[in-house]
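Survey of secondary and tertiary structure
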Amino acid sequence: MEQIGHWINGKHVAGTSGRTADVWNPATGEVQAQVALASKAELDAAVADAAAAQPAWAAMNPQRRARVMMKFVSLLHRDMDKLAEALSREHGKTIPDAKGDVQRGLEVVEFCIGAPHMLKGEFTDSAGPGIDMYSLRQPIGVAAGITPFNFPAMIPMWKMAPAIVCGNAFILKPSERDPSVPMMLAELMQEAGLPDGVLQVVNGDKDSVDAILDNDTISGIGFVGSTPIAQYIYERGCANGKRVQCFGGAKNHMIIMPDADLDQAADALVGAGYGAAGERCMAISVAVPVGEETADRLIEKLVPKIEALKVGPYTSGNDVDYGPVVTPMAKQNIERLVQSGVDAGAELVVDGRDFSLQGYEDGFFVGPHLFDRVTPDMEIYQKEIFGPVLSTVRAGSYEEALKLAMDHEYGNGTAIFTRDGDAARDFANRINVGMVGINVPIPVPLAYHTFGGWKKSVFGDLNQHGPDAFRFYTKTKTVTSRWPSGIKEGGEFTIPVME
Ligand code: NAD
């Protein structure tokens, strides 16, 4: 059985805690590896070594740090197929989707190549008589990132690349469900020229997360995962005096207006609802058609498209729409929630409960489900299902649809499909959600904008990537300087020339 340890000071090391977790191949249902779960002592030692490596890295000029990122980008392209295969084998998503996972992380690394510009600071000449004032952006020291299973390449890169290029050392605690790609990223960072110790990958579970939260040397923590854990990490990290940003769960609504192109809307819903088996924080999980006629026509268009979805293992290449979910526990949770929807009286118009794939009976596959006539009091509406389950809530008017999305506790992403610019503009202005799509179902901002939700989808006040990442991973220092006048009188100011 493959054993996955930690990446410490530029080397793979075995865990010493004696605790491990199973890593599955979700397509076959087999346990394919065991990942070490670090103890507090292992985490603290990794942090101490990172702190020792950080000052020399911070002293390197920003252009040189950016060149490491440049090289890293080219290595990611070189190893794209290898990374995607390892990712799909542990996560279950299709190969094209795994490449998208790497690509969306790589784009943030590309943005980090602009670090010399982002870190330039500010300068005021003659802020007073003979006084200059300047603000520096300095690294926060040692930062940590705690990341979820659903984007094992992208989110580690969103965290580590900006932190490191700003001159920090970084402790990455990836998801214990799919730890191989983060380890491969660390190897590539070393090959790109990152000094040993600046990036440490410590695998683990709650014990190592708690050790991060209580470690006095770590001054900033970035987290992505479910909302209860986001809130816990935010509260405990802040109580310990750290800078913390936590991105949590989602329940993304898509509003379909009566004037929308319903073929386009149905295609968008199928891709955004079932892609990656619904295991995306920007998945659309609630469709809100406005008006009974819109709803009836939408359901009519959705059903054949959903029934035609191809569910299968990543080894089928481009021939599958989505793969298995990540663990047997995830599958059970989805099945329980689907049953709760049926019991609560929602109409299950596409029933994926009997889905089974010949030759992959032990894999964690879940057939596609479509619910109609879901109401806000139902558990399937309130909870994030994180599976291939789309709920339809019928709204009587635009205002009712808007209010529904606004009243939900999550506020990560949302979308409106319409041909009416006025409705779209009103929606974008009034909705209390962080990322909005207009005729775009998954409005994930590009690397040079920032990514973040509102309400219970976030704890903290800066977004991920884009300019906010440079703010989060640096502290501002402002210097006011005045030099005594008159010293220059004794100097020689004529350029020396040969007689
Ligand atoms: P999770 O909360 O179970 O785990 C996230 C991380 O927290 C992992 O590294 C895990 O080891 C750690 N963790 C788990 N339980 C813990 C505990 N009790 N104490 C301390 N640490 C703990 O999330 P997940 O299942 O890996 O990921 C899916 C969730 O992430 C979904 O809710 C999804 O919406 C969310 N997500 C959000 C965003 C975003 O940007 N808002 C992006 C991707 C995923």
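Up top is the structure.
Residues numbered from 1 in each chain as written. Predicted model: local features only at pLDDT ≥ 70, side-chain atom pairs only at ≥ 80, totals over all residues. Heavy atoms only, no water.

Relative to the 22 Å expected for 16 residues at 1.5 Å per residue, helix α12 (residues 328-343) spans 23 Å between its end C-alpha atoms, a close match to the ideal helical length. By the burial criterion, the buried members of α12 are A330, K331, I334, L337, V338, S340 and G341. Contacts from the buried residues of α12 go to β15 (347-350), β16 (369-372), α13 (379-382) and β17 (389-392). Positive backbone phi, approximately 100 degrees, marks G345, located one or two places after α12. (Helix = DSSP H or I, 4+ residues; strand = E, 2+ residues; numbered from the N terminus. Expected span 1.5 Å × (residues − 1). Buried < 20%, exposed > 50% of the residue type's maximum accessible area, 1.4 Å probe, protein only. Contact = heavy atoms within 4.5 Å.)

Moving on, we get to the pairing of strand β5 (residues 30-36). As defined by bridge partners, strand β1 (residues 2-4) adjoins β5 across three bridges and the pair is classed as parallel. Looking across to β5, one finds that Q3 is bridged to Q34. In terms of strand pairing, strand β4 (residues 20-25) meets β5 through six bridges, oriented antiparallel. Within the sheet, the bridge partner assigned to T20 lies in β5 and is A36. Adjacent in sequence and paired antiparallel, β4 and β5 are bridged by four residues, among which G29 carries a positive phi angle near 85 degrees. (Pairing = 2+ DSSP bridges.)

Under the definition given, this model contains eight aromatic pairs. Arranged with centres 6.2 Å apart and planes meeting at 20 degrees, the rings of F123 and Y134 form a pair that is stacked. Taken together, the positions of F123 in strand β6 (residues 122-128) and Y134 in strand β7 (residues 131-139) put the pair eleven residues apart, joining distant regions of the chain. On the basis of relative accessible area, F123 is assigned to the exposed category, the value being 53%. The class for Y134 is partly exposed, based on a relative accessible area of 30%. When the centroid spacing of 5.0 Å and the interplanar angle of 85 degrees are considered together, the rings of F472 and Y473 count as edge-to-face. In this structure, F472 and Y473 share a single accessibility class: buried. (Phe/Tyr/Trp six-rings, centres within 6.5 Å; stacked < 30°, edge-to-face > 60°.)

Grouped together as the largest cluster of nonpolar side chains are 70 residues, with contacts concentrated most on F72, M157, M160, I164, F170 and L199. Looking at this core, the element that brings in the most residues is helix α6 (residues 154-165), giving nine residues. Mapped onto the domain boundaries, this core takes at least three residues apiece from domain 1 (2-248 + 457-481) and domain 2 (252-438). Ignoring sequence-local partners within four residues, the contact set of L199 consists of W7, M160, I164, F170, L172, A186, M189 and L194. (Core = buried A, V, L, I, M, F, W, Y, C linked by side-chain atoms within 4.5 Å. Domains from an automatic or database assignment.)

This brings us to the environment of F111. Inspection of the secondary structure puts F111 in helix α4 (residues 95-112). Residue classification places F111 among the buried residues on the basis of a relative accessible area of 18%. A C-alpha to C-alpha distance of 9.8 Å links F111 and L446, two positions 335 residues apart in sequence. Discounting chain neighbours no more than four positions away, the residues touching F111 are M118, A447, Y448, G466, P467 and F470.

Next up on the list: the site of the ligand. Around the ligand, the surrounding shell holds 27 residues, and the nearest of these are T147, K173, E176, S226 and E384. Between the ligand and E176 there is a distance of 2.7 Å, counted from an oxygen atom to a side-chain nitrogen or oxygen. A distance of 2.6 Å is found between an oxygen atom of the ligand and a side-chain nitrogen or oxygen belonging to E384. Coverage of the ligand by the protein amounts to 86% of the 850 Å² it exposes when considered alone. Secondary structure elements with two or more residues in the shell around the ligand: α8 (206-214) and β11 (218-224). Across the shell around the ligand, the residue classes break down as 14 nonpolar, nine polar and four charged. Looking at which domains feed residues into the shell around the ligand, each of domain 1 (2-248 + 457-481) and domain 2 (252-438) supplies at least three. (Near = heavy atom within 4 Å. Polar contact = N/O pair within 3.5 Å; in protein donor to acceptor, adjacent residues only side chain to side chain. Areas by Shrake-Rupley, 256 points an atom, 1.4 Å probe, with all protein chains shown as cover. Nonpolar A, V, L, I, M, F, W, Y, C, P; charged D, E, K, R; others polar.)

How two helices sit against one another is set out by the angle between their axes and by the gap between those axes. Packing of helix α3 (residues 80-91) against α4 leaves a shortest axis separation of 8 Å and a crossing angle of 115 degrees. Viewed along their axes, α3 and α4 form a crossing whose handedness is right-handed. For the pair formed by α3 and α4, the contact residues are M80, D81, L83, A84, E85, L87 and S88 on the first element and I95, A98, K99, D101, V102, Q103 and L106 on the second. Classifying every residue of the contact of α3 with α4 by side-chain character gives eight nonpolar, two polar and four charged. (Axes fitted to C-alpha atoms, helices over the stretch in contact; angles between N-to-C directions. Left-handed = near helix turned anticlockwise from the far one by under 90°.)

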